[in-house]
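Given next are the chains, with one letter for each unit.
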Amino acid sequence: PAEMFYDDDADLSVIQGRKVAVIGYGSQGHAHALNLRDSGVQVVVGLREGSSSREKAENEGLQVMTVAEAVQHSDVVMLLAPDQVQRGLYAEEIQPHLKPGNALFFSHGFNIRFDYIVPPEGVDVAMVAPKGPGHLVRREYADGRGVPVLVAVEVDASGKAWDLAKSYAKAIGGLRAGGIRTTFTEETETDLFGEQAVLCGGASQLVMYGFEVLTEAGYQPEIAYFECLHELKLIVDLMIEGGIAKQRWSISDTAEFGDYVSGPRVIDPHVKENMQAVLADIVNGKFAQRFIDDQDAGAPEFNRLRKQGAEHPIEATGKQLRGLMSWIKDSDSDYVEGSAS
Ligand code: NDP
Ligand code: MG
Ligand code: MG
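Since we're looking at a predicted model, the values are computed, not measured.

Topic: the overall build of the protein chain
Argument step 1. Helix and strand content of the protein chain: 18 helices and nine strands.
Argument step 2. By the compact-globule yardstick of 20 Å for 341 residues, the protein chain fits well, its C-alpha radius of gyration being 22 Å.
Argument step 3. For the protein chain, the spread of C-alpha atoms along the principal axes amounts to about 65 × 45 × 45 Å.
Argument step 4. Residues counted as buried form 32% of the 341 residues belonging to the protein chain.
Argument step 5. Residue pairs at least 24 apart in sequence account for 66% of intrachain contacts in the protein chain once pairs closer than 6 positions are excluded.

Right, dumping it as structure tokens:
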């Protein structure tokens, strides 16, 4: 079984005795910086010149520095810029200022697993990866709860990297929910697989195909939207509460029988083979290379796909319907509907 950590397994004073630089103040960055601060940890935020995040961090009373200054000032560096910019940022602003005894932290193993970042000797390399979006990491912490975290140590130069990683995990509230011990390789490969095959790629495509089949057969798009997208949350909530079994317990016998006979017909064994091929391209590095090469070229493929996704008819139908359902609020104030990211 997996090795789990809870609040009692970690000593908060370890991270309280260090100086932490959180690099980036986006989804994860703002959550880590604020949770660390509220846990009594000395934290500064590292941002590039002219950063659009600067004001937000300063409004919270956080000290903001350039990335290089933040690294020089600190002995634990948590790198929370987007994965595709980490390599360049690391080479130019971080690596030159890392000293033996420092620790380099990540929330996703991408750049270490695929060798885009190779830290120097004498530096602890660890991961505390919340299993949830950054805005939830902050909201749950503020409410006295936490989002579960994966914890890994890639390089234990000090011999104390595990204590440090667990302490950091506790400080952001992760050990209230529970930490699971993993490795950079396992976290990276399973995270990429989960988001591609099931959570994001698989679920989005399933919803879009369902919507297309109904509307192309002449049914009203509003009905198709409710059936294929809106109700999904209710089903997933039941799964979170009590597994697939509770979902099947709650739905009608008609729906449950349909689940058994039509689920495997829609998601047939061929889909499992496709998932295995997706996993193979994650493990062999092809996906990582495709993503980074595209980013390095100015992201032409990414931007084309993003535009194509935004233009799918389900988005127009959804926008109109959500406008009528006043109780569906977008609680993340920095999310702008129809915006790129
Ligand atoms: P975001 O896209 O939200 O990060 C944006 C932040 O990075 C902003 O403060 C931005 O500042 C800064 N930034 C962007 N480009 C640069 C640059 N070239 N140089 C310096 N700073 C830059 O990142 P996420 O929070 O989504 O992801 C951070 C890490 O956390 C990744 O490793 C990701 O895989 C991991 N992760 C993310 C999760 C999530 O919830 N999103 C969940 C679990 C892990 P500016 O205003 O200057 O652009
Ligand atoms: Mg991910
Ligand atoms: Mg129904």
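On we go from here.
Some words on the domain arrangement of the protein chain
Argument step 1. Domain annotation for the protein chain reports domain 1 (4–182) and domain 2 (194–324).
Argument step 2. Taking only C-alpha atoms, the centre of domain 1 and the centre of domain 2 are 31 Å apart.
Argument step 3. At the interface, four residues of domain 1 touch five residues of domain 2.
Argument step 4. Looking at side-chain class alone, the side of domain 1 that touches domain 2 contains three nonpolar, one polar and no charged residues.

Overview of the sheet that holds strand β3 (residues 42–46)
Argument step 1. In space, the nine strands of this open sheet follow the order β1-β9-β8-β7-β6-β5-β2-β3-β4, with mixed pairing throughout. Unpaired on one side and paired on the other, β1 (4–5) and β4 (63–65) mark the two borders of the sheet.
Argument step 2. Sheet topology note: the strand β2 (residues 19–23)/β3 ladder contains five bridges and is parallel. Of the residues in β3, the one forming a bridge with Lys19 is Gln42.
Argument step 3. Sheet contacts for helix α10 (residues 184–199): β7 (124–130) and β8 (149–155); angle to β8, the most-contacted strand, approximately 135°.

Parameters at a glance
- Residues numbered from 1 in each chain as written.
- Chains lettered and ligands numbered in written order.
- Predicted model: local features only at pLDDT ≥ 70, side-chain atom pairs only at ≥ 80, totals over all residues.
- Helix = DSSP H or I, 4+ residues; strand = E, 2+ residues; numbered from the N terminus.
- Rg over C-alpha atoms; globule rule 2.2 N^0.38 Å.
- Buried ≥ 20, exposed ≤ 12 C-beta atoms within 10 Å, placed from the backbone.
- Contact = placed C-beta atoms within 7 Å.
- Domains from an automatic or database assignment.
- Nonpolar A, V, L, I, M, F, W, Y, C, P; charged D, E, K, R; others polar.
- Pairing = 2+ DSSP bridges.
- Axes fitted to C-alpha atoms, helices over the stretch in contact; angles between N-to-C directions.

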